[in-house]
Amino acid sequence: YNNENGSQTSIYLGGLDPLRQHLYYLNFGYDFAGKKPAYTFYYANNQFFPQISLSLSDVSTPYNWNGKIYWEREKQNRVSFSFFDNRVFYEYDRQALTFGFQNINLTNISRIELLAPKPNQGNLNALFLTWNYRNTRAYPYSISPEDGVDVSLAVEVNTPILKSDYAFTNYSAKLKNY
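The residue numbering used here restarts from 1 in each chain and proceeds along that chain's sequence as written. In keeping with the model being predicted, local features are shown solely for residues with a pLDDT of at least 70 and side-chain atom pairs are shown and tallied solely at 80 or more, while totals for entire chains, interfaces and linings include all residues. The side-chain numbers reported here are obtained from all heavy atoms of the structure, hydrogens and water having been left aside.

## Here's the deal with the layout of surface pockets
Using only the protein atoms, space was sampled on a 1 Å grid; points where a 1.4 Å probe fits but cannot get out form cavities, open sets with protein on both sides within 12 Å along at least five of seven lines form pockets, and lining residues are those with an atom within 4 Å of a point. Grid points are joined across faces, edges and corners, and a volume is the space filled by probe spheres set on the points. A volume near 560 Å³ is recorded for the largest pocket. Along its surface, the largest pocket is lined by 22 residues, and Gln51, Ser82, Phe84, Ala96 and Thr98 are the ones closest to its centre. Those elements giving two or more residues to the lining of the largest pocket turn out to be β6 (51–65), β7 (68–86), β8 (94–108), β9 (122–134) and β10 (149–158). The helix count covers DSSP runs of H or I at least four residues long, the strand count covers runs of E at least two residues long, and both are numbered beginning at the N terminus. In terms of residues, the lining of the largest pocket owes the most to one element, β7, which gives five residues. For this scheme, ten residues count as nonpolar: Ala, Val, Leu, Ile, Met, Phe, Trp, Tyr, Cys and Pro. Four count as charged, namely Asp, Glu, Lys and Arg, and the remainder, Gly too, count as polar. Within the lining of the largest pocket, the residues separate by chemical class into six nonpolar, 11 polar and five charged.

Shown next as C-alpha coordinates:
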(Lines give C-alpha, C1' and ligand atoms only; values in the text may rest on other atoms or scores of the structure.)
Protein backbone atom coordinates (compact mmCIF):
# COMPACT_ATOMS: atom_id res chain seq x y z
CA TYR A 1 0.00 0.00 0.00
CA ASN A 2 1.03 3.65 -0.33
CA ASN A 3 0.78 6.41 2.23
CA GLU A 4 2.33 9.82 2.83
CA ASN A 5 5.73 8.16 3.46
CA GLY A 6 5.75 6.17 0.18
CA SER A 7 5.30 2.47 -0.52
CA GLN A 8 4.71 0.12 2.41
CA THR A 9 4.32 -3.65 2.78
CA SER A 10 1.17 -5.27 4.08
CA ILE A 11 -0.06 -8.77 4.88
CA TYR A 12 -3.42 -10.07 3.68
CA LEU A 13 -5.27 -12.92 5.41
CA GLY A 14 -8.75 -14.16 4.66
CA GLY A 15 -10.91 -17.15 5.26
CA LEU A 16 -14.27 -18.82 5.23
CA ASP A 17 -15.33 -21.83 7.27
CA PRO A 18 -16.71 -24.94 5.48
CA LEU A 19 -20.31 -24.13 6.46
CA ARG A 20 -19.92 -20.50 5.28
CA GLN A 21 -21.04 -19.21 8.65
CA HIS A 22 -17.94 -17.09 9.26
CA LEU A 23 -16.17 -14.92 6.70
CA TYR A 24 -13.21 -12.72 7.54
CA TYR A 25 -10.28 -10.89 6.05
CA LEU A 26 -7.49 -8.71 7.38
CA ASN A 27 -5.11 -6.49 5.45
CA PHE A 28 -2.45 -5.18 7.85
CA GLY A 29 0.64 -3.06 7.39
CA TYR A 30 2.85 -0.90 9.57
CA ASP A 31 4.58 2.34 8.62
CA PHE A 32 7.80 2.39 10.65
CA ALA A 33 8.64 5.95 9.56
CA GLY A 34 5.21 7.27 10.57
CA LYS A 35 4.97 4.89 13.56
CA LYS A 36 1.39 3.90 12.80
CA PRO A 37 -0.51 0.87 11.54
CA ALA A 38 -2.75 0.68 8.51
CA TYR A 39 -5.40 -2.01 8.45
CA THR A 40 -8.74 -3.11 7.10
CA PHE A 41 -10.60 -5.84 8.95
CA TYR A 42 -13.97 -7.38 8.03
CA TYR A 43 -15.96 -10.15 9.72
CA ALA A 44 -19.39 -11.51 8.84
CA ASN A 45 -21.35 -13.97 10.97
CA ASN A 46 -24.01 -15.94 9.09
CA GLN A 47 -24.96 -18.23 11.98
CA PHE A 48 -27.97 -16.14 12.95
CA PHE A 49 -30.70 -14.18 11.26
CA PRO A 50 -29.83 -11.38 10.52
CA GLN A 51 -26.28 -11.55 9.20
CA ILE A 52 -24.01 -9.54 11.53
CA SER A 53 -21.05 -7.72 9.97
CA LEU A 54 -18.24 -5.80 11.61
CA SER A 55 -15.60 -3.76 9.83
CA LEU A 56 -12.70 -1.73 11.20
CA SER A 57 -10.14 0.27 9.27
CA ASP A 58 -7.37 2.81 9.75
CA VAL A 59 -5.92 4.08 6.47
CA SER A 60 -4.17 7.12 5.03
CA THR A 61 -5.99 8.61 2.04
CA PRO A 62 -4.64 11.20 -0.44
CA TYR A 63 -6.84 13.97 -1.83
CA ASN A 64 -6.14 16.48 -4.56
CA TRP A 65 -7.00 19.68 -2.71
CA ASN A 66 -6.95 22.62 -5.17
CA GLY A 67 -3.88 21.26 -6.91
CA LYS A 68 -2.07 20.17 -3.74
CA ILE A 69 -1.90 16.65 -2.32
CA TYR A 70 -3.52 16.47 1.10
CA TRP A 71 -3.19 13.29 3.24
CA GLU A 72 -5.88 12.40 5.73
CA ARG A 73 -6.10 9.59 8.25
CA GLU A 74 -9.48 7.87 8.21
CA LYS A 75 -10.44 5.53 11.04
CA GLN A 76 -13.73 3.75 10.42
CA ASN A 77 -15.78 1.39 12.58
CA ARG A 78 -18.99 -0.12 11.29
CA VAL A 79 -21.49 -2.70 12.52
CA SER A 80 -24.42 -3.78 10.39
CA PHE A 81 -27.33 -6.19 10.44
CA SER A 82 -28.58 -7.60 7.12
CA PHE A 83 -31.89 -9.31 6.44
CA PHE A 84 -31.88 -11.36 3.23
CA ASP A 85 -34.87 -12.53 1.21
CA ASN A 86 -34.31 -14.65 -1.86
CA ARG A 87 -36.66 -15.40 -4.73
CA VAL A 88 -38.63 -12.17 -4.58
CA PHE A 89 -40.01 -12.27 -8.13
CA TYR A 90 -37.91 -14.96 -9.84
CA GLU A 91 -35.97 -18.00 -8.73
CA TYR A 92 -32.60 -16.22 -9.06
CA ASP A 93 -33.29 -12.79 -7.58
CA ARG A 94 -32.54 -11.62 -4.06
CA GLN A 95 -32.88 -8.57 -1.88
CA ALA A 96 -31.34 -7.37 1.37
CA LEU A 97 -32.28 -4.78 3.94
CA THR A 98 -29.29 -3.60 6.00
CA PHE A 99 -29.12 -1.18 8.89
CA GLY A 100 -26.37 -0.25 11.26
CA PHE A 101 -24.04 2.30 12.83
CA GLN A 102 -20.79 3.73 11.55
CA ASN A 103 -18.13 5.96 13.07
CA ILE A 104 -15.56 7.73 10.88
CA ASN A 105 -12.80 9.79 12.47
CA LEU A 106 -10.99 12.19 10.13
CA THR A 107 -7.65 13.75 11.09
CA ASN A 108 -5.09 15.50 8.96
CA ILE A 109 -1.64 14.08 8.29
CA SER A 110 -0.54 16.85 5.96
CA ARG A 111 -0.28 20.41 7.22
CA ILE A 112 -3.53 22.23 6.54
CA GLU A 113 -2.43 25.80 7.25
CA LEU A 114 -1.72 26.45 3.56
CA LEU A 115 -4.92 24.86 2.26
CA ALA A 116 -7.95 26.94 1.34
CA PRO A 117 -10.68 26.14 2.07
CA LYS A 118 -9.67 24.07 5.08
CA PRO A 119 -10.75 20.40 5.03
CA ASN A 120 -13.25 19.30 7.66
CA GLN A 121 -12.00 17.06 10.43
CA GLY A 122 -13.62 15.27 13.34
CA ASN A 123 -16.14 12.50 13.88
CA LEU A 124 -18.88 11.44 11.51
CA ASN A 125 -21.24 9.18 13.45
CA ALA A 126 -24.22 7.88 11.53
CA LEU A 127 -27.07 5.44 11.38
CA PHE A 128 -27.61 3.97 7.94
CA LEU A 129 -30.25 1.98 6.12
CA THR A 130 -29.72 0.29 2.75
CA TRP A 131 -32.04 -1.70 0.49
CA ASN A 132 -30.54 -3.78 -2.31
CA TYR A 133 -32.30 -5.79 -5.01
CA ARG A 134 -30.59 -7.78 -7.72
CA ASN A 135 -31.45 -10.44 -10.23
CA THR A 136 -28.05 -10.68 -11.86
CA ARG A 137 -26.88 -13.96 -13.31
CA ALA A 138 -23.43 -15.32 -14.03
CA TYR A 139 -22.86 -18.42 -16.11
CA PRO A 140 -20.31 -21.26 -15.76
CA TYR A 141 -17.48 -19.42 -17.56
CA SER A 142 -18.47 -15.90 -16.45
CA ILE A 143 -16.10 -13.72 -14.48
CA SER A 144 -18.85 -11.23 -13.60
CA PRO A 145 -22.62 -10.92 -14.00
CA GLU A 146 -23.79 -11.01 -17.63
CA ASP A 147 -27.44 -10.06 -17.36
CA GLY A 148 -29.90 -8.61 -14.86
CA VAL A 149 -30.04 -5.51 -12.68
CA ASP A 150 -28.57 -4.48 -9.34
CA VAL A 151 -30.39 -1.63 -7.55
CA SER A 152 -29.42 -0.04 -4.23
CA LEU A 153 -31.03 2.77 -2.23
CA ALA A 154 -29.35 4.11 0.90
CA VAL A 155 -29.80 6.80 3.53
CA GLU A 156 -27.16 7.81 6.08
CA VAL A 157 -28.04 10.16 8.94
CA ASN A 158 -25.18 11.91 10.77
CA THR A 159 -26.39 13.67 13.88
CA PRO A 160 -24.98 15.23 17.06
CA ILE A 161 -27.27 12.87 19.02
CA LEU A 162 -24.75 10.16 18.04
CA LYS A 163 -21.82 12.44 19.01
CA SER A 164 -21.19 13.40 15.38
CA ASP A 165 -19.36 16.70 14.82
CA TYR A 166 -21.53 17.34 11.74
CA ALA A 167 -25.25 17.04 11.05
CA PHE A 168 -26.32 16.00 7.57
CA THR A 169 -28.26 13.32 5.75
CA ASN A 170 -26.87 11.58 2.68
CA TYR A 171 -29.20 9.89 0.19
CA SER A 172 -27.73 7.71 -2.53
CA ALA A 173 -28.87 5.34 -5.25
CA LYS A 174 -27.08 2.91 -7.53
CA LEU A 175 -28.27 1.12 -10.63
CA LYS A 176 -26.24 -1.43 -12.57
CA ASN A 177 -27.72 -3.02 -15.66
CA TYR A 178 -25.94 -6.00 -17.21
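## Observations concerning a nonpolar patch on the surface
On the surface, Phe49, Phe83, Leu97, Phe99, Leu129, Trp131 and Leu153 cluster together into a nonpolar patch covering about 650 Å² of accessible area. Of all elements in the fold, only β8 and β9 reach the threshold of two or more residues within the nonpolar patch. Relative to the helices and strands, Trp131 is located in strand β9. A 1.4 Å probe rolled over the protein chains alone gives each residue an accessible area, and that area as a share of the maximum for its type sets the label: buried under 20%, exposed over 50%, partly exposed in between. Trp131 gets classed as partly exposed once you look at its relative accessible area, which sits at 31%. Patch criteria: residues need more than 30% relative accessible area and no salt bridge. Like-charged residues are merged within 9 Å; nonpolar side chains of Val, Leu, Ile, Met, Phe, Trp and Tyr are merged within 5 Å. Exposure was quantified through the Shrake-Rupley algorithm and a 1.4 Å probe, taking into account, for residues, occlusion by the shown protein chains and nothing else. Whenever Lys or Arg places a side-chain nitrogen within 4 Å of a carboxyl oxygen from Asp or Glu, that contact is recorded as a salt bridge.

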